[in-house]
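Below, each chain spelled out in residue letters.
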Amino acid sequence: MRYFLPTIVLTLAVTIISGCTTMSEKDYKLAKAVMAESPTVRAEVMNECVANLNREPKSEQKFMSDYLKIPQSKYAKTVCGRMVRAFAKGQITYADINSANSGEKMLRIMDGK
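Remember, it's a predicted structure, so these values are computed and weren't measured experimentally.

A. Structural view of the environment of I109. Here I109 lies in helix 7 (residues 103-110). Spatially, the C-alpha atoms of I109 and M83 are 6.6 Å apart, while their sequence positions differ by 26 residues. If we ignore the near neighbours within four places in the chain, the residues touching I109 are R82, M83, A86, Q91 and I92.

So, in structure tokens, the structure goes:
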């Protein structure tokens, strides 16, 4: 499994946060299984996710943190934690990742609901 770790980490972090639809169903199933089993992988995905969100413009971070009622200083860690947990638990499905209509569901997950 260690061989696939960098690919899984980068693919998941980008897919979960940006909503890209480049993940195949086979990759989704593999990533979900690894995420469910491995705290190390979840931690690496979390770190990459936080780094990606912290690169967003501060105005965007402020908007989203205000919308989600999260202190801006905790925005990236909170949102990424919620998204990573939801993915690992199967709450974010393959259909969600590939659906243009999943934005509302993703916002609920980011909001902790």
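From this point, things continue past the structure.
B. Summary view of the pattern of salt bridges. The final tally for this structure, using the stated rule, is 2 salt bridges. A salt bridge links E25 to K29; the nearest nitrogen and oxygen atoms lie 3.9 Å apart. Here E25 pairs with K29, and both are found in helix 2 (residues 25-37), just 4 residues apart, close to one helical turn.

C. Molecular detail of helix 2. With 13 residues, helix 2 extends 18 Å from end C-alpha to end C-alpha; this agrees with the ideal 18 Å at 1.5 Å per step. Burial in helix 2 covers these residues: Y28, A31, V34 and M35. For helix 2, the angular spread of buried residues about the axis comes to 140 degrees, placing them on one side. Those residues of helix 2 that are exposed and aimed more than 90 degrees away from the buried face are K26, K29 and E37.

Reading guide: rules and limits
Residues numbered from 1 in each chain as written. Predicted model: local features only at pLDDT ≥ 70, side-chain atom pairs only at ≥ 80, totals over all residues. Heavy atoms only, no water. Helix = DSSP H or I, 4+ residues; strand = E, 2+ residues; numbered from the N terminus. Contact = heavy atoms within 4.5 Å. Salt bridge = Lys/Arg side-chain N within 4 Å of Asp/Glu carboxyl O. Expected span 1.5 Å × (residues − 1). Buried < 20%, exposed > 50% of the residue type's maximum accessible area, 1.4 Å probe, protein only. Arc of directions from axis to C-beta.

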